[in-house]
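Given next are the chains, with one letter for each unit.
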Amino acid sequence: MNAIVFDKVWKEYGDHVVLEQINLEIATRAFVALVGPSGCGKTTFLKMLLGEERPTRGNILLGGIPLKSEPDSDRGVVFQRYSVFPHLTVLGNVIIGREFERARGIGRLFGKKRRRAEDEARELLAAVGLSGDENKYPSALSGGMQQRLALAQALIRRPKVLLLDEPFGALDPGMRSEIHVLMRRIWNESELTVVMVTHDLSEAFALATRIIAFERPRNRPEEAERYGSRLSADIPNPVEVPMLPKGATVTNDIEIWPKKIAGSKAVWTRYGPSAPHA
Amino acid sequence: MRAINHRPDKTWRVALAFLPFAFLCLAYIVGSGIRLAENPNDKLLPGFSTMSEAIHVYAAEPDPRSGNYLLWSDTAASLTRLISGLAISTAIALLAGTAIGLLPIAGATFAPVISVLSMVPPLALLPILFIVMGLGEASKITLIVIGTSLKLIRDIALRVGDIPREQLIKAQTLGASTMQIALRVVLPQILPRLIDAVRLEIGPAWLFLIAAEAIAADSGLGYRIFLVRRYLSMDVILPYVAWITLLAFLMDLTLRVLQRKAFPWFAEARAA
């Protein structure tokens, strides 16, 4: 399976210890939210998962195999900004994943192969709600639509793990709750383990099956740099946690999805467990 | 209303743009008129009629010695040198700049030497080029290449470095190889910026061209200007200078239009 294991992982930059002794196992198909104050190492944690940074000590295993030390197609990613390519149309941004895969040399598909990739991309774009925008450039899309595009782009290679670095942090609340519904649906429908860094606790509780908080425990200023962050709280099942107060914008026309799930535990939505809403 | 809030409308904008040109023309006419009134044979500020006669001779009558229409043969010779030089320089800059900006090893190896070499004044190399390559076309084109390519390389390498790290990571998570990233992510985003960089190098390229032609050539716009200087032929020099300016301006305009047509995403992405 594709469980992610952190085995005594340390990350240091020179004298500065960022993360210390992280032992962690993330189950396949979990949706993990990483929370904590700024500078606590959430992003470093994500970068190590991504392969952009290497742990100073310890190992990270994906499906029992040490993680490759560079980003690769088994881990998709959506950043807060700059996730999509400004020089490609919406459709071009999605098919490029298939083009990289199927045209090893120049990374460009033509003719029948290209049309097949385009059909697949159109399906994904429809799923994230971008039908009809195929020929626009990203600069013509709103922030929320750009993030939807980034999701579709990341999903076309069917990654095992999807990493989200504050993906919805720059969106306004209405757009954010719509994209939460989409995110929950993507996680539910595809074979994905999701790890998301967020500043927004309510977002973490709304989406995740598990929330991991980072904290720097010791606080002696003269030694501050020598202590890295540890996991301070590991909340396995936020469904048990009472609902947090909602923000001021509650829009009633947000689709609740899924209405029912066969063979799995109810998916928690912002209105409670995925109950019949008809 | 405050001055910063006075915005001319379209008509005014055009009119205001013409104003300085009209002023320059007027100043010349007045100056030339004063001098010619004192001495009808004055050569320094010839009247427009004298200049148009001179240009008529150069553009529409074959040169008795060579049979060429000098203005056009000079223009062809200069543009061939200039455009070959800029084209070679652009190609070098694109390859080297992308490699330096994208590959850390290439950057570590070549970025320092290029930043040192780009400080060599190219004109100081001209004698060397004439000695090594002779007085023909090769030395002139090489001067343009040396004079413009190093700056272009540095510029392109910086632009490649400006591409957000997120995009390169994203491409890797989509399975792209280094070559694919260079071709599909970096190159298309660099090309419109390369056009901007080349536009800025048009001026220096003309400078090097005219310097090289002035020293050793048998045709070319720069050659002609320096040739007729011996006879104080301002009636030829001034129209030639205006012609060179026009050519440079048109090259700049062409590149700007090309950038807008070929990279429709660029203006918006840059504004965003």
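Just so it is clear, the model here is predicted, and its values are computed rather than measured.

Points about the overall build of chain A
- Secondary structure summary: chain A contains six helices and 12 strands in total.
- The 278 residues of chain A split such that 42% are buried.
- In chain A, once contacts between residues fewer than 6 apart in sequence are set aside, the share between residues at least 24 apart is 68%.

Some points on the pairing of strand E6 (residues 75-78) of chain A
All names here are of chain A.
- The alternating pattern of E6 places Arg75 and Val77 on one face and Gly76 and Val78 on the opposite face, and all of these are buried.
- Here four bridges tie E6 to strand E7 (residues 161-165), and the two strands are oriented parallel to one another. Across the sheet, the residue bridging to Val77 is Leu163, located in E7.

Considering the packing of helix H2 (residues 48-60) of chain B against helix H10 (residues 234-262) of chain B
Residues and elements named next belong to chain B.
- Put simply, H2 and H10 touch, their axes get as near as 8 Å, and they point 80 degrees apart. The angle between the axes of H2 and H10 places the two elements in the roughly perpendicular class. On H10, the residues that touch Thr50, Met51, Ala54, Ile55 and Tyr58 of H2 are Asp235, Val236, Leu238 and Pro239.
- Residue composition of the contact of H2 with H10, grouped by class: seven nonpolar, one polar and one charged.

Examining the interface of chain A and chain B
- Facing the 28 residues of chain A at the interface are 20 residues of chain B.
- Of all elements in the fold, only E6 and helix H2 (90-102) of chain A reach the threshold of two or more residues within the side of chain A that touches chain B.
- The biggest single contributor to the side of chain A that touches chain B is H2(A), with four residues.
- In the side of chain A that touches chain B, the residues fall into 13 nonpolar, seven polar and eight charged.

Some details on the confidence of the model for chain A
All names here are of chain A.
- Taken over all residues, the pLDDT of chain A has a mean of 76, while the share at 70 or more is 77%.
- Here residues 238-269 is modelled with pLDDT under 50, and outside its nearest four sequence neighbours on either side it reaches 46 contacts, counting other chains as well.
- Across residues 271-278 the pLDDT falls below 50, and counting only partners more than four positions away or on other chains, this stretch makes 14 contacts in the model.

Points about helix H1 (residues 10-38) of chain B
All names here are of chain B.
- Between its first and last C-alpha, H1 extends 43 Å over 29 residues, near the 42 Å set by a 1.5 Å rise per residue.
- In the structure, H1 departs most strongly from a straight axis at Leu19, where the bend amounts to approximately 30 degrees and where the proline Pro20 lies between one and four residues downstream.
- Among the 29 residues of H1, zero are classified as buried, and the element is accordingly described as predominantly exposed.

Rules of the game
Residues numbered from 1 in each chain as written. Chains lettered and ligands numbered in written order. Predicted model: local features only at pLDDT ≥ 70, side-chain atom pairs only at ≥ 80, totals over all residues. Helix = DSSP H or I, 4+ residues; strand = E, 2+ residues; numbered from the N terminus. Buried ≥ 20, exposed ≤ 12 C-beta atoms within 10 Å, placed from the backbone. Contact = placed C-beta atoms within 7 Å. Pairing = 2+ DSSP bridges. Axes fitted to C-alpha atoms, helices over the stretch in contact; angles between N-to-C directions. Parallel < 35°, antiparallel > 145°, perpendicular 65-115°, else oblique. Nonpolar A, V, L, I, M, F, W, Y, C, P; charged D, E, K, R; others polar. pLDDT = per-residue confidence, 0-100. Expected span 1.5 Å × (residues − 1). Bend = angle between axes of the 7 residues up to and from the residue.

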